[in-house]
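Here is what each chain is made of, one letter per residue.
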Amino acid sequence: MAQVLSLHVFFSAERHKVGPSKPLKRIHNPKTSLSTHRKGPQSPMRKTQKLNLQVSPHRAVSAVRLMRIEMGGAFADLLNEKGKGSGDNEMGYVERTLGFRTKNLDDRDLRLVTDIVGGTIRWRRYLDYLIGSLCHDDKAFRSMEPLLLQILRIGFYEILKLDMPSYAVVDENVRLAKVSLRPGAGNMVNGILRRLVLLKESNSLPLPKLEGDDRAQARALAILYSHPVEIEPMRCLWISVKTQGASSTYRTEIQVSFCMLLDIYVLNLLDGKALDEAFRAKKKAIKLMMWNNDDPSFSLRANSGKGVTRADLVMQFNMLKVPHEVSLHLDHFVRVKTGLQSIIQAGLLKQGLCAVQDESAGLIVSVVNPQPGDSIVDCCAAPGGKTLYMASQMHGQGMLYAIDINKGRLRILKETAKLHQVDGVITTIPSDLRTFAESCQLKSDKVLLDAPCSGLGVLSKRADLRWNRRLEDLEELKKLQEELLDAASILVKPGGVLVYSTCSIDPEENEERVDAFLLRHPEFRIDPVDRYVPPGFVTKRGFYSSDPVKHSMDGAFAARLIRTL
Ligand SMILES: C[S@@+](CC[C@H](N)C(=O)[O-])C[C@H]1O[C@@H](n2cnc3c(N)ncnc32)[C@H](O)[C@@H]1O
């Protein structure tokens, strides 16, 4: 649905040529009060904290959850300014933020909250562009109080992306703004949402101008597909092209992406071969953004450590009426697009019968190829997805050392290992890998370094990740990845294997880090992964790479390196 809408929006832009040209930037001041314009008797602080049955609880909870996600620590500080009282559970936050209690969420409400919060975060840039365009002026948008903005984003998302009945969305969000802020805020929400409905119905939603140089065009597309470009223009947007290397292709891609959506120009601009290549590359870049914006799909791994087979899991899913399909690539995995909630409620995860694990991560374990009797080090192990899968393949023989700097997450790993009945082969080591490796005599058959990374391969699952990365973060990450690779290499015995993996599709975190490592460590060579994963996942250089667009799973990378001396 989101995909259709994006294309639809694009075409209607050409037809109507409406809308401002400039994406609006909000001034984010964490110190801004939750509702800077609250006055008089409507102030939540003055209300007795009554149960409010008029406001839809899922919208109230969504608005507060969005505030918490976006403002992080600043949100907690603001609540603390108001004094303690309502506890730290979600309803406590709702009460303290909105000034009233709402009824508890039922299953349907919970599903709506998940949809609305995830979708609103993903589409934030596009929604803000529209909200900004529909405000009277730039200033009104830039200085909008945080809660009001979240309420508007929810309304816009419900109308545009969830296609909910407009009248109900307008009424409900107006009421939420009125009771949680003041009547004037409700009037503003009413005015803006009604304008949106009219524009939607007349097929004339504002659009960013698709003109100017590459960068300007990329910015326009980034707004339409709600991806970031400010930090490093086009980095995420055109990442798939970057993997192909050539900067000229990169430029062509941008022009053609633009053209594809307008369709008509493509044939005029390009000759046969260029058209073919650029068309594929362009389609891929846009599909990647669409994948990131779509509802995520999940895979579950049957826990063979506890004797559970995939057939057992399939039987359970049939009983729960959860639509599913078995993985084409991994024996223990089943994919589900919807129904995770039923699986959780049925207690399958709590009982340790299965684990949520993406196939892309499962294939990294295939690259390690753990065997009974192996000595394996998992260098960045927590919270333990890969450790547990590896342990389940060791059938109680051998030893798996799980190292992580994060003690809390490592504790979770230990508890889950017990639940999964694979703890017999796992030893947890809370430590910084760099100091641990320096002082350690341990030499293992197989060492996995699943490095901290940008997470650019998992943007569909981590809705807020795309907004939280800065260029400096990437430089720091690359440095850390190199230090961890050097440390991990110390733990590999001669003839042993070092697997370097990430959940990123960025060559700078993948191939480039491996190349730099091989220059520093000529005692290692690449061991092609074609014996361990299906051919469609093997790159020309023998690395493992999963591609969201091609494989319909998260993006991930792994290099298998052998220590020759
Ligand atoms: C991508 S996550 C690992 C995910 C894990 N392999 C799994 O499959 O569940 C990266 C991990 O690296 C850990 N980490 C970061 N710096 C570290 C360091 N210097 N030493 C050890 N662990 C580190 C983080 O705490 C984090 O848990």
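The protein chain goes by SAM-dependent MTase RsmB/NOP-type domain-containing protein in an unreviewed UniProt entry, where it is assigned to Salix suchowensis. Within the UniProt record for the protein chain, the comment given under Sequence similarities (unreviewed entry) is "Belongs to the class I-like SAM-binding methyltransferase superfamily. RsmB/NOP family."

Caption draft 1: Main features of the pattern of salt bridges. This model, assessed by the stated rule, comprises 25 salt bridges. For the salt bridge of R142 with D138, the shortest nitrogen-to-oxygen distance reads 3.1 Å. One end of the pair is R142 and the other is D138, both in helix α7 (residues 138-142) and four residues apart, which spans about a single turn. Assessed through its relative accessible area of 32%, D138 is described here as partly exposed. Between K493 and D445 there is a salt bridge whose closest N-O contact spans 2.4 Å. One end of the pair, K493, is in strand β11 (residues 492-502); the other, D445, is in strand β10 (residues 444-450), with 48 residues separating them in the sequence. Relative accessible area serves as the criterion here: at 17%, D445 is assigned to the buried category. Taken together, the shared-partner salt bridges in this structure form one network comprising D432, R434, K479 and E483.

Caption draft 2: Spatial organisation of the site of the ligand. Surveying the vicinity of the ligand reveals 20 residues, the closest of which are C380, D404, R409, L433 and D450. K386 places a side-chain nitrogen or oxygen 3.1 Å from an oxygen atom of the ligand. D432 is positioned such that a nitrogen or oxygen atom in its side chain is 3.0 Å from a nitrogen atom of the ligand. Alone, the ligand offers 600 Å² of accessible surface; in the complex the protein occludes 85% of this. Here the ligand is seated within the largest pocket. Taken together, the elements giving at least two residues each to the shell around the ligand come down to α19 (385-392) and α21 (433-438).

Caption draft 3: Here's a closer look at the UniProt feature "binding site: S-adenosyl-L-methionine" (unreviewed entry) in the protein chain. Here, the residues flagged by UniProt with the feature "binding site: S-adenosyl-L-methionine" (unreviewed entry) are C380, A381, A382, P383, G384, G385, K386, D404, D432 and D450. Of the residues named above, C380, A381, A382, P383, G384, G385, K386, D404, D432 and D450 line the largest pocket. Checked against the element boundaries, K386 lands in helix α19. Not counting the four nearest positions on each side in its chain, K386 is found in contact with Q357, A361, I364, V365, D378, L448 and D450. Looking at D450, the relative accessible area reads 18%, which means it is buried. Other than its neighbours up to four places away in sequence, D450 contacts C380, K386, S501 and T502. Within the structure, D450 has its side chain in polar contact with the side chain of K386 (distance 2.7 Å).

Caption draft 4: Geometry of the sheet that holds strand β3 (residues 298-302). Taken in spatial order, the four strands line up as β4-β5-β3-β6 in an open sheet, and their pairing is antiparallel. For this open sheet the edge positions go to β4 (324-326) and β6 (354-356), each flanked by a neighbour on one side alone. Within the sheet, the average angular offset between the axes of one strand and its neighbour, ignoring direction, is 30°. One ladder, built from three bridges, connects β3 with β6; its direction is antiparallel. The residue bridging A302 from the neighbouring strand is C354, located in β6. This element, helix α16 (residues 310-320), spans β3, β4, β5 (333-336) and β6 of the sheet and lies at about 25° to β5.

Caption draft 5: Just the packing of helix α2 (residues 57-71) against helix α9 (residues 166-180), in detail. α9 packs onto α2 with a crossing angle of 60° between their chain directions and a minimal axis gap of 10 Å. When the axis of α2 is compared with that of α9, the two are oblique. You can see that α2 and α9 cross each other, and the crossing is right-handed. Together, R59, A60 and A63 of α2 and V169, E172, N173 and L176 of α9 make up the contact between the two elements. Looking at the contact of α2 with α9, its residues break down into four nonpolar, one polar and two charged.

Caption draft 6: Molecular detail of the pairing of β10. Extensive coverage of β10 is indicated by the burial of seven of its seven residues. For strand β7 (residues 375-378) and β10, the ladder comprises three bridges, and the chain directions are parallel. Across the sheet, the residue bridging to I376 is K446, located in β10. Pairing geometry for β10 and β11, over six bridges, is parallel. Directly across from D450, in β11, lies its bridge partner S501.

Caption draft 7: A look at the layout of surface pockets. Its volume calculated, the largest pocket comes out at about 1400 Å³. A382, P383, K386, R409 and D450 are, among the 50 residues lining the largest pocket, the residues nearest its centre. Elements represented by at least two residues in the lining of the largest pocket include exactly β3, β6, α18 (359-368), α19, α20 (407-419), α21, β10 and α22 (471-490). Shared between two domains, the lining of the largest pocket takes at least three residues from each, and those domains are domain 3 (298-356) and domain 4 (359-563).

Caption draft 8: Geometry of the side chain of S56. By the element assignment, S56 lies in the loop between β1 (51-52) and α2. In this structure the side chain of S56 is engaged in a polar contact, spanning 3.0 Å, whose partner is the side chain of E172.

Caption draft 9: Spatial organisation of the environment of A558. Examined against the element boundaries, A558 turns out to sit in strand β14 (residues 556-563). Along the sequence, A558 and Y500 sit 58 residues apart, while their C-alpha atoms lie 5.4 Å from each other. Other than its neighbours up to four places away in sequence, A558 contacts I364, V367, V499, Y500, S501, F543 and Y544.

Caption draft 10: Up close: the pairing of β5. By the alternation rule, side chains of β5 split into F333 and R335 and V334 and V336, which are all buried. Of the strand pairs in this sheet, β3 and β5 are connected by four bridges, and their pairing is antiparallel. If you follow F298 over to β5, its bridge partner there is V336. Of the pairings in the sheet, the one linking β4 to β5 comprises three bridges and is antiparallel in character. By the bridge assignment for β5, E325 is matched with R335. Once β4 ends, the chain turns through six residues before running back antiparallel as β5.

Parameters and conventions
- Residues numbered from 1 in each chain as written.
- Predicted model: local features only at pLDDT ≥ 70, side-chain atom pairs only at ≥ 80, totals over all residues.
- Heavy atoms only, no water.
- UniProt positions renumbered as here; feature names shortened; annotations may be inferred.
- Salt bridge = Lys/Arg side-chain N within 4 Å of Asp/Glu carboxyl O.
- Helix = DSSP H or I, 4+ residues; strand = E, 2+ residues; numbered from the N terminus.
- Buried < 20%, exposed > 50% of the residue type's maximum accessible area, 1.4 Å probe, protein only.
- Near = heavy atom within 4 Å.
- Polar contact = N/O pair within 3.5 Å; in protein donor to acceptor, adjacent residues only side chain to side chain.
- Areas by Shrake-Rupley, 256 points an atom, 1.4 Å probe, with all protein chains shown as cover.
- 1 Å grid on protein atoms, 1.4 Å probe; cavity = no way out; pocket = protein on both sides within 12 Å on 5 of 7 lines; lining within 4 Å.
- Sits in = over half its atoms within 2 Å of the grid points.
- Contact = heavy atoms within 4.5 Å.
- Pairing = 2+ DSSP bridges.
- Axes fitted to C-alpha atoms, helices over the stretch in contact; angles between N-to-C directions.
- Parallel < 35°, antiparallel > 145°, perpendicular 65-115°, else oblique.
- Left-handed = near helix turned anticlockwise from the far one by under 90°.
- Nonpolar A, V, L, I, M, F, W, Y, C, P; charged D, E, K, R; others polar.
- Points joined across faces, edges and corners; volume = space filled by probe spheres on them.
- Domains from an automatic or database assignment.

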